[in-house]
Number of protein chains: 2
Amino acid sequence: MTYEVHGVSSSGNCYKVRLVLEQLGLPYRWHEVDMMSGACRTEAFRKLNPNGKVPVLIIDGNTTLSESGAIISYLADASPLLPTDRLERAQVLQWMFFEQYSHEPYVAVARFIRVFLKQHDDPRLPEKTAGSYRALDVMEQHLATRTFFVGERYTIADIALYAYTHVADEAGLDLANYPHIRAWLERVRTQPRHIEMPGVDQ
Amino acid sequence: MTYEVHGVSSSGNCYKVRLVLEQLGLPYRWHEVDMMSGACRTEAFRKLNPNGKVPVLIIDGNTTLSESGAIISYLADASPLLPTDRLERAQVLQWMFFEQYSHEPYVAVARFIRVFLKQHDDPRLPEKTAGSYRALDVMEQHLATRTFFVGERYTIADIALYAYTHVADEAGLDLANYPHIRAWLERVRTQPRHIEMPGVDQ
């Protein structure tokens, strides 16, 4: 069976899905969505995801799944990327919910404003920057005594947090004071079958 | 074993945890956190959750788990509230991530501004209200042909979405045009061992 993904290559949320597919060696076809021209708002796209967001995974040709966290949990099920222990699974989810609530809405949105909208004086940026550093502080403290986020091994929690943290510079953030995050980024980058996120045409 | 929960009774995110504990008949002790006086920002609280947010579950006296979605997934594991089927589990997560990204930051924040801050002319309210209705539209469409969010039975996806939707009026939202949501709220409210969320002292 070949999965199908509708996604934006330069989106961190979509990159999470591609990275899991590549690292697990799963066959897939990628359908690039032209987000900036409003392709997520069309009738056709809303049939895939009524919430109008990428990524969307199509399983078996007609079953759709949205929300990057749900998609990568599904793909990683019964693989080394998702622990089977009940507590560790919950800890993986804890960091994935942390990423979507306390990290992505700051880091990814600051990056979007700077790189895609090119609005470097956007009035939202100070609050987005402050929230980004709050999230990075939490990560730095956690990684001070750990190699990966959960269970001392590489899981989809690391993938979820890597997606936007590794392009923190594009969000205008400086990781100089975050040595543990930088060392962890390097550990993620050197995992087997790692692929880079495509850059943004600027 | 008795769980411990640090939470705010009038917070929907904390109510999700209490509702799951009650419906599964699990023993727990509730520690009320005085959010409005900054109790989440103290050193002591940050030892429970470095991200400074409620709810926090304490398992076995010293293992902590944060993020309501992770906590209720943990508690509901191997119970009727969380399917064992791989796709259905992912669909439950899809709706829980939808709630945390596209619903809670609008509905819960609009409610917080109105009920807790009492700022009825807050400049954020128009955007929060618009986002709330977008989320409600997605739910209404989904529920038009279903009794519950996933697999035609009551799961933690319903609990996650019920928490703030059932107090939509406190967020200044009108559910008159959402008959399927209103019927679903009633189905959730009449589940065995349902408890109400404590009201807000105003």
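The coordinates are above.
Residues numbered from 1 in each chain as written. Chains lettered and ligands numbered in written order. Predicted model: local features only at pLDDT ≥ 70, side-chain atom pairs only at ≥ 80, totals over all residues. Heavy atoms only, no water.

Trainee: Honestly, the pairing of strand β1 (residues 3–7) of chain B in this entry has me stumped. Any pointers?
Mentor: The side chains of a regular strand alternate between the sheet's two faces. All names here are of chain B. Of all five residues in β1, five are buried; the element is thus mostly enclosed. Of the two faces of β1, the one carrying Y3, V5 and G7 and the one carrying E4 and H6 are both buried. Handedness of the β-α-β unit built from β1, helix α1 (residues 12–23) and strand β2 (residues 28–32) comes out right-handed. Sheet topology note: the β1/strand β3 (residues 56–59) ladder contains three bridges and is antiparallel. Across the sheet, residue E4 finds its bridge partner in β3, namely I58. (Buried < 20%, exposed > 50% of the residue type's maximum accessible area, 1.4 Å probe, protein only. Helix = DSSP H or I, 4+ residues; strand = E, 2+ residues; numbered from the N terminus. Right-handed = clockwise from strand over helix to strand, strands pointing away. Pairing = 2+ DSSP bridges.)

Trainee: Mind showing me how you'd approach the interface of chain A and chain B here?
Mentor: The accessible area lost on association of the parts is a frequent measure of interface size. In this assembly, 33 residues from chain A lie in contact with 33 residues from chain B. Among the residues of chain A in contact with chain B, R86, F97 and Y101 of chain A are the three that bury the most area, contributing 26% of the side total. Linking chain A to chain B there are zero salt bridges. Here chain A and chain B share eight residue pairs in polar contact (both at pLDDT 80 or more) between them. Elements that contribute at least two residues to the side of chain A that touches chain B include exactly β4 (63–66), α3 (68–76), α4 (86–116) and α5 (125–143) of chain A. In terms of residue count, α4 of chain A provides more of the side of chain A that touches chain B than any other element does, 15 residues in total. Here the residues of the side of chain A that touches chain B sort into 16 nonpolar, 11 polar and six charged. (Contact = heavy atoms within 4.5 Å. Buried area = accessible area lost by both parts, 1.4 Å probe. Salt bridge = Lys/Arg side-chain N within 4 Å of Asp/Glu carboxyl O. Polar contact = N/O pair within 3.5 Å; in protein donor to acceptor, adjacent residues only side chain to side chain. Nonpolar A, V, L, I, M, F, W, Y, C, P; charged D, E, K, R; others polar.)

Trainee: Looking at this structure, how should I read the pairing of β4 of chain A?
Mentor: All names here are of chain A. Bridge analysis of strand β3 (residues 56–59) against β4 gives four bridges, and the strand direction is antiparallel. Bridge pairing links I58 to T64 in β4. Between the antiparallel neighbours β3 and β4 lie three residues, among them D60 with a positive phi of about 60°.

Trainee: I would appreciate a short explanation of the relation of the copies chain A and chain B in the present structure.
Mentor: A rotation about some axis, followed by a shift along it, carries one copy of the chain onto the other. Laying chain A over chain B is done by rotating through 180° and shifting 0.0 Å along the axis; what remains is an RMSD of 0.0 Å. Given the turn and translation reported, the copies of this chain are related as if by a two-fold rotation axis. Taking C-alpha positions as the reference, the residue of chain A nearest the rotation axis is Y101 of chain A, at 3.2 Å. The fraction of interface residues of chain A whose copies in chain B are also interface residues reaches 100%, indicating that both copies meet through the same surface. (Least-squares fit on C-alpha atoms with pLDDT ≥ 70 in both.)

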